[in-house]
Every structure is written in structure tokens, then in C-alpha cells.
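Coordinate inspection notes
Spelled out, the chains give:
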Amino acid sequence: MSRRRGRFLVLEGLDGAGTTTQSRLLAERLRREGRRVHLTAEPSGGPVGALIRQVLRGRVAGGGGEGFDPSALALLFAADRLDHHAAEIAPRLAEGADVISDRYTLSSLAYQSLTTGDPAWVERLNARAPAPDLTLFLRVRPAVAGRRRFAESGSRELYEVPAFQRRVARAYQRSLALLRRRGERVALVDGEGPVEAVAEAVHAAAIGA
Ligand code: TMP
């Protein structure tokens, strides 16, 4: 028996843009509408993802992760993605479930292009990661995202520095243009309004996928 393949949806944005909250709300709403949904995130819950989380929290080499080689970290993100897709995403899609991932390739194209200084290399590293059906980008200005991060937690992860987040915002714009040139589907959603309004816009974009 062949079931219809599910849809692979990705949420992206700066740290503090609300990708985690909005991924959860979208999953809940699609489930209420009767769809089967698998909610996941990158760094993934797999072995490489666990290692990346340790680096981001500064538990591996150097305070705050600064001692960890940025190119090595770019490789880990790309390795995590291929494992995540093969072990978790593809099987769920094949079963007919929709898969929502809080971050995917676009995060590497934005963050690791900056940290390695070599966007073409980062693009190549991620070339084997299958494209999602839709990438939803939550547009939130860096200052607004920064205030949200501050309100949420006192501790900072590796990339949660205001000046760096401003550069990430510009890198996201360049990377979104790259996805479009490749023919991938991208939706821009205003992420600065109340949570419910953003959720409504995310859902509208997602069901159009
Ligand atoms: P999170 O805060 O959404 O859990 O993501 C962890 C951090 O990792 C966040 O600062 C974004 C960053 N990141 C990358 O730099 N490259 C990637 O490929 C991914 C998936 C996340």
C-alpha cells in the first residue's frame, strides 16, 4: 500500500525569533486538523546533535565554545543534518506524516557562512541534505529578537551576542536569496506581532505548501 508522502516544513530565524514556539503551535494546529505531524529540531536529538549542544553551551573546549574550531562545528552541523534526515525525517515523511523542523539547512547557510568565512564551502557541505517542501522564515529585527532572548534566559549560548546576530540577519537575507535561486520554496512571515497572530500567518503559509 502506498501512502501519500508527508510535507517537510522548516521554521527559521534569528535566536529569539520564535522558531521553537511557532514550530510547536503549528504542529498542534495541524494535528487538530487531523494530520499526523512529527515535530523535530536541529541540532537534532541524535548523537551528533548532542555533541553540538555541548559545544554551544561551552562544555567542549574553551569558555562559551570559542575554543572549538568553527569549521569543525560546520561539519558537525552538516553531519547532524544528514543523519537527522536519514534516521528521522525521511521515514516519517514516507509514512505519510508531515515533518516540522525547528531549523535546517538555512541555519547553516546563515550562521556557518559567517563563522567559517566560506559560504561556498558551507553550501557544498550541505548539498546532500534534501530540500524541504517549504522554509518559513520568521522576520524579527535583531534588537527585538535580542530583547526576547534576554527576557527568556540569563545565560548566553555561543551565538547569542547582539553584534553577531545583526550579521546573522544579513546572512539570512543572502541565504534566502540563494534558496530562491535554487528554486526552493520560501515564505517570509512577520514574526514581531503577538504569538497568536504570528501562528496564524505561519499556518496560512504552511497549508499553502
Ligand atoms: P536553537 O537555539 O534554535 O536550539 O539553535 C541552537 C543554535 O545553533 C542557534 O544559535 C542557531 C545555531 N545553529 C547553527 O549555527 N547552525 C545550524 O545549522 C543550526 C541548525 C543551528
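Preceding this section is the structure that the text describes.
Described below are features of the structure shown in this document. (Residues numbered from 1 in each chain as written. Predicted model: local features only at pLDDT ≥ 70, side-chain atom pairs only at ≥ 80, totals over all residues. Heavy atoms only, no water.)

Some thoughts on a positive patch on the surface
Here is the rule we go by: Patch definition: residues above 30% relative accessible area lacking any salt bridge, with like charges linked at up to 9 Å and the nonpolar side chains Val, Leu, Ile, Met, Phe, Trp and Tyr linked at up to 5 Å. Only the protein chains shown count as cover for residues, with accessible areas throughout obtained via the Shrake-Rupley method and a probe of 1.4 Å. Whenever a carboxyl oxygen of Asp or Glu lies within 4 Å of a side-chain nitrogen of Lys or Arg, that contact is scored as a salt bridge. A positive count includes Lys and Arg, and a negative count includes Asp and Glu. His and the chain ends are not counted in either. Charged groups are reduced to one reference atom each: NZ for lysine, CZ for arginine, CG for aspartic acid, CD for glutamic acid. Runs of H or I in DSSP of at least four residues are treated as helices and runs of E of at least two as strands, each being numbered from the N terminus.
Among the surface-exposed residues, Arg-166, Arg-167, Arg-170 and Arg-174 lie close enough to one another that they form a single positively charged patch. Counting through the fold element by element, Arg-170 comes out in helix H7 (residues 162-181).

Considerations on the site of the ligand
Going by this rule: A molecule or strand has a residue near it when one of that residue's heavy atoms lies within 4 Å. Definition of a polar contact: a pair of N or O atoms within 3.5 Å, with one able to donate and the other able to accept a hydrogen when the atoms are protein atoms, and with sequence-neighbouring residues admitted only if both atoms are side-chain atoms. Residues were grouped as follows: Ala, Val, Leu, Ile, Met, Phe, Trp, Tyr, Cys and Pro as nonpolar; Asp, Glu, Lys and Arg as charged; and all remaining residues, including Gly, as polar.
The environment of the ligand is made up of 13 residues, and the closest members are Asp-15, Arg-81, Arg-103, Ser-108 and Gln-112. The side chain of Asp-15 places a nitrogen or oxygen atom 2.7 Å from an oxygen atom of the ligand. Contact distances for the ligand include 2.6 Å between an oxygen atom and a side-chain N or O atom of Ser-108. When contributions to the shell around the ligand are tallied by element, the ones reaching two or more residues are helix H2 (47-56), helix H3 (70-95) and helix H4 (105-116). The greatest single-element share of the shell around the ligand, amounting to four residues, is contributed by H4. Here the residues of the shell around the ligand are counted per class, giving five nonpolar, three polar and five charged.

A word on the pattern of salt bridges
For the record, the criterion: Residue exposure (1.4 Å probe, protein chains only): buried if accessible area is under 20% of the type maximum, exposed if over 50%, otherwise partly exposed.
Taken as a whole, this structure holds twelve salt bridges when the rule is applied. In this structure, the salt-bridge partner of Arg-29 is Glu-200, at a minimum N-O distance of 3.2 Å. Of this pair, Arg-29 sits in helix H1 (residues 19-32) while Glu-200 sits in helix H8 (residues 195-207), placing them 171 residues apart in sequence. The class of Glu-200 is partly exposed, set by a relative accessible area of 45%. Notably, a salt bridge pairs Glu-184 with Arg-182, separated by 3.0 Å at the nearest N-O pair.

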